[in-house]
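A look at the structure
One-letter residues, chain by chain:
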Amino acid sequence: IQMNQYCDAIPWFTEYVDSMTAKQEIMQEPNQRASVISTAQNLAICLNNCKQFDAAYGVYKKVLTFEPENIDALIGVARYQQQSGREAGDSARVAREAKNEKASVDWQNVRDVRFDTARVALKKAFELSPDNADVAAEYGLMAAILQKYDEAKVAFVRATELDPTQVDHWTSLGDCNLQLKSWADAAAA
């Protein structure tokens, strides 16, 4: 990894993670589990750098089976689902342009499910790490896309508190307030 040879590291990390996670006695001992989880996160980094996103997603899900509150894995799952949702949204647009309404609706539904999965993972990450402005902003964005403006507003309020110089956070907060017809709050943001 230190030499940026991510793809070369994958087989070694995979073998280690697979063998260690199969051993219940290892995964029940906190220090050993932490070491395995750390290696699993390195594996996910390698997989993402080698554009093996589906495999990285599988690693994040495996990490969450052992540590359901692992922030990095929650964010990894969310980002995978966000990308899958964007791809489904692109497919919906193509179907709409081709006048295939059924396919467009089907792809839009897939998009919404993927974005909602990302929102749920980011909400949990936000609750576990309320001082992370990036997580707050990502969570707010997913909530806003899904028209859950009350949730989005909470996230963007926190993001503006944590990083008051980030104009996008204020704009997003203002947009949420507009959707909620909270005109004074929208103007203030």
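Read on for a plain summary of the structure. (Residues numbered from 1 in each chain as written. Predicted model: local features only at pLDDT ≥ 70, side-chain atom pairs only at ≥ 80, totals over all residues. Heavy atoms only, no water.)

**Points about helix α9 (residues 167-179)**
With 13 residues, α9 extends 19 Å between its outermost C-alpha atoms, agreeing within 8% with the 18 Å of an ideal straight helix rising 1.5 Å per residue. Among all positions of α9, only H169, L173, G174, C176 and N177 are buried. Across the axial projection of α9, the buried residues extend over an arc of 160°, all falling on one side. Opposite the buried face of α9, at more than 90 degrees from it, the exposed residues are V167 and D168. (Helix = DSSP H or I, 4+ residues; strand = E, 2+ residues; numbered from the N terminus. Expected span 1.5 Å × (residues − 1). Buried < 20%, exposed > 50% of the residue type's maximum accessible area, 1.4 Å probe, protein only. Arc of directions from axis to C-beta.)

**Focus on the packing of aromatic side chains**
Here the structure, examined in full by the defined rule, presents two aromatic pairs. Ring geometry for Y57 against Y80: centres 4.1 Å apart, planes inclined by 15°, an arrangement best described as stacked. Residue Y57 is located in helix α4 (residues 53-66), and its partner Y80 is located in helix α5 (residues 71-97); the two are separated by 23 residues in the primary sequence. Arranged with centres 5.3 Å apart and planes meeting at 35°, the rings of F126 and Y139 form a pair that is tilted. Here F126, found in helix α6 (residues 101-128), pairs with Y139, found in helix α7 (residues 133-145); they are 13 residues apart in sequence, far enough to count as distant. Note on accessibility: F126 and Y139 belong to one class, buried. (Phe/Tyr/Trp six-rings, centres within 6.5 Å; stacked < 30°, edge-to-face > 60°.)

**Observations regarding the pattern of salt bridges**
By the definition in use, this model includes 11 salt bridges. One salt bridge in this structure joins R93 and E97, with 3.4 Å as the shortest N-O distance. Here R93 and its partner E97 are both found in helix α5, four residues apart, which amounts to about one turn of the helix. E97 sits in the exposed class, given a relative accessible area of 54%. Note that R158 and D131 form a salt bridge whose closest N and O atoms lie 2.4 Å from each other. One end of the pair, R158, is in helix α8 (residues 149-162); the other, D131, is in the loop between α6 and α7, with 27 residues separating them in the sequence. Given a relative accessible area of 22%, R158 falls into the partly exposed group. A relative accessible area of 59% means that D131 is categorised as exposed. Where salt bridges share partners, they join D116, R119 and E151 into one cluster. (Salt bridge = Lys/Arg side-chain N within 4 Å of Asp/Glu carboxyl O.)

**Structural notes on unusual backbone geometry**
Excluding glycine, a negative phi dihedral is what most residues carry, and trans is how most peptide bonds are arranged. Not every positive phi belongs to a glycine, and K51 is a case in point at roughly 60°. Even without glycine at this site, K99 takes up a positive phi of about 65°. Secondary-structure assignment places K99 in the loop between α5 and α6. A relative accessible area of 74% places K99 in the exposed class.

**Overview of the nonpolar core**
One finds L43 and V59 to be the most contacted residues of the largest nonpolar core, which totals 41 residues. Those elements that place two or more of their residues in this core are α1 (6-21), α2 (24-28), α3 (30-49), α4, α5, α6, α7 and α8. By residue number, the principal contributor to this core is α3, which donates seven residues. In contact with L43, other than residues within four places in its own chain, are I10, F13, T14, V17 and V59. (Core = buried A, V, L, I, M, F, W, Y, C linked by side-chain atoms within 4.5 Å. Contact = heavy atoms within 4.5 Å.)

**Describing α8**
With 14 residues, α8 should cover 20 Å at 1.5 Å per step; its first-to-last C-alpha distance of 20 Å lies within 8% of that length. Packing partners of the buried residues in α8 comprise α6, α7 and α9.

**Points about the state of the cysteines**
Counted under the stated rule, the structure contains one disulfide. The residue that forms a disulfide with C7 is C50, at a sulfur-sulfur distance of 2.0 Å. Where C7 bonds to C50 through sulfur, the torsion about that S-S bond is close to -125°, and the disulfide is left-handed. One end of the pair, C7, is in helix α1; the other, C50, is in the loop between α3 and α4, and 43 residues separate them in sequence. You can call C7 partly exposed: its relative accessible area is 44%. (Disulfide = S-S within 2.5 Å.)

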